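Summary of the model geometry
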Amino acid sequence: MYGCLLWLCATAIQAQELNLMTYNIRHGAGMDGKIDYDRTAAVIRGVNPDVVALQEVDSATQRCYGKYVGQELATRTNMIPTFGAAINFQGGKYGVGILSREQPLAVRRIPLPGREEPRMLLIAEFANYIVCSTHLSLTAEDLAESATIICNEMKRLPRKPIFLMGDFNAEPDSPLLQTLSKKFHVLNKAEEHTIPADKPEDTIDFIMAWKKGKKVTVKDVGVVNAPMASDHLPVRASVKW
């Protein structure tokens, strides 16, 4: 009986749960064109995520009055910001980010192709999991090359649950998603659209789990009703392993 109790306690300790979110924040500008970090942060706080993958993040640009948007949101959500610059823009940088409750153990920034603009894969490793944030190209050739680079990078990571999140600029029936779904479990539902935020008709924002990592179970997943804070709706997922 004592041994059985020890086993149950160990199992409880090993069980992990994680609340994930991905959000293209449009540098904090809403559907009304106004930059409002309080509004964006309120959407994030409403989900209470452990980790958020951010896209369209500005740092020290003119349009954001020299502010680092990741830090602005981190301050308002009591989270830790990590930034992956993709391009120089308006006197500063522009790219993707991650907000997290924990400080990452390690961070990697992997350039991805983009004919209209360079793209970025931001990888943050934590004690029990790994999160990747990306915003992919608009062109088919770049998307195909990005898929290859991403999958190769996943193979180099430690054997932990790995989550790929972001704005993929591709729909569920696209060649990109067909390729990635061979290597990743797509956690959110294709029929729950993410763009445009005020009248969503398409799904291009996704949360995925690497199939060769630890097996992950989805507890809950959905699109967040936030029609004004950005031109994208955020996606959330609660998972356990």
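In what follows, the structure referred to is the one given above.
Overview of the structure.

The rules behind each value
- Residues numbered from 1 in each chain as written.
- Predicted model: local features only at pLDDT ≥ 70, side-chain atom pairs only at ≥ 80, totals over all residues.
- Heavy atoms only, no water.
- Helix = DSSP H or I, 4+ residues; strand = E, 2+ residues; numbered from the N terminus.
- Rg over C-alpha atoms; globule rule 2.2 N^0.38 Å.
- Contact = heavy atoms within 4.5 Å.
- Areas by Shrake-Rupley, 256 points an atom, 1.4 Å probe, with all protein chains shown as cover.
- Lys, Arg positive; Asp, Glu negative; His and termini not counted.
- Charge placed at Lys NZ, Arg CZ, Asp CG, Glu CD.
- Axes fitted to C-alpha atoms, helices over the stretch in contact; angles between N-to-C directions.
- Parallel < 35°, antiparallel > 145°, perpendicular 65-115°, else oblique.
- Left-handed = near helix turned anticlockwise from the far one by under 90°.
- Nonpolar A, V, L, I, M, F, W, Y, C, P; charged D, E, K, R; others polar.
- Pairing = 2+ DSSP bridges.
- Salt bridge = Lys/Arg side-chain N within 4 Å of Asp/Glu carboxyl O.
- Buried < 20%, exposed > 50% of the residue type's maximum accessible area, 1.4 Å probe, protein only.
- Polar contact = N/O pair within 3.5 Å; in protein donor to acceptor, adjacent residues only side chain to side chain.
- Phe/Tyr/Trp six-rings, centres within 6.5 Å; stacked < 30°, edge-to-face > 60°.

1. Observations concerning the overall build of the chain
When you go through the chain residue by residue, the secondary structure sums to 5 helices and 12 strands. Relative to its length of 241 residues, the chain is compact, with a C-alpha radius of gyration of 18 Å against a globular reference of 18 Å. At a minimum sequence separation of 6, the contacts of the chain that also span at least 24 residues come to 67%. Accessible surface, the chain: about 11000 Å² in total, of which carbon and sulfur atoms supply 51%. Computing the positive centroid from 28 side-chain charges and the negative centroid from 27, the chain places the two 8 Å apart.

2. Some thoughts on the packing of helix 2 (residues 37–47) against helix 3 (residues 69–77)
Running from amino to carboxyl end, helix 2 crosses helix 3 at an angle of 55°, the nearest separation of the two axes being 9 Å. Considered as vectors, helix 2 and helix 3 are oriented oblique to each other. Both helix 2 and helix 3 take part in a crossing whose hand is right-handed. For the pair helix 2 and helix 3, contact is made by Tyr37, Asp38, Thr40, Ala41, Ile44 and Arg45 and by Val69, Glu72, Leu73, Arg76 and Thr77, respectively. Grouping the amino acids of the contact of helix 2 with helix 3 by side-chain chemistry returns 5 nonpolar, 2 polar and 4 charged.

3. A word on the sheet that holds strand 3 (residues 80–89)
Whether parallel or antiparallel, the strands of a sheet pair through hydrogen bonds between backbone atoms. Taken together, 6 strands build an open sheet; the order of strands is 3-4-2-1-12-11 and the sheet is mixed. In this open sheet, the two strands that pair with only one neighbour each are strand 3 and strand 11 (217–223). Across the sheet, the mean angle from the axis of one strand to that of its neighbour is 20°, orientation sign disregarded. As defined by bridge partners, strand 1 (residues 17–24) adjoins strand 2 (residues 51–59) across 5 bridges and the pair is classed as parallel. Its bridge partner lying in strand 2, Thr22 is registered against Ala53. Contacting strand 1, strand 2, strand 4 (92–100) and strand 12 (235–240), helix 2 crosses the sheet at an angle of about 155° to strand 1.

4. With respect to the pattern of salt bridges
A full pass over the atoms with the stated rule returns 12 salt bridges. Linking Arg39 and Asp32 is a salt bridge whose minimum nitrogen-to-oxygen distance equals 3.0 Å. Assessed through its relative accessible area of 36%, Asp32 is described here as partly exposed. Residues Glu153 and Arg108 are paired through a salt bridge, measuring 2.8 Å at the closest nitrogen-oxygen approach. A residue pair is termed long-range when its members are at least 10 positions apart, and Glu153 in helix 4 (residues 140–155) and Arg108 in strand 5 (residues 106–112) qualify at 45 residues.

5. As for the side chain of Ser137
For Ser137, the location among the structural elements is in the loop between strand 7 (130–135) and helix 4. Residue class for Ser137 comes out buried when judged on its relative accessible area of 0%. A distance of 3.2 Å separates a polar atom in the side chain of Ser137 from a polar atom in the side chain of Glu116. Within the structure, Ser137 has its side chain in polar contact with the side chain of Asp142 (distance 3.1 Å).

6. Description of the packing of aromatic side chains
By the definition in use, this model includes 7 aromatic pairs. Between the aromatic rings of Phe89 and Tyr94, the centroid separation amounts to 5.9 Å while the plane-to-plane angle is 50°, which identifies the pairing as tilted. With relative accessibility at 25%, the residue Phe89 sits in the partly exposed group. Taken together, the ring pairs connect Phe126, Tyr129, Phe163 and Trp241 into an aromatic cluster.

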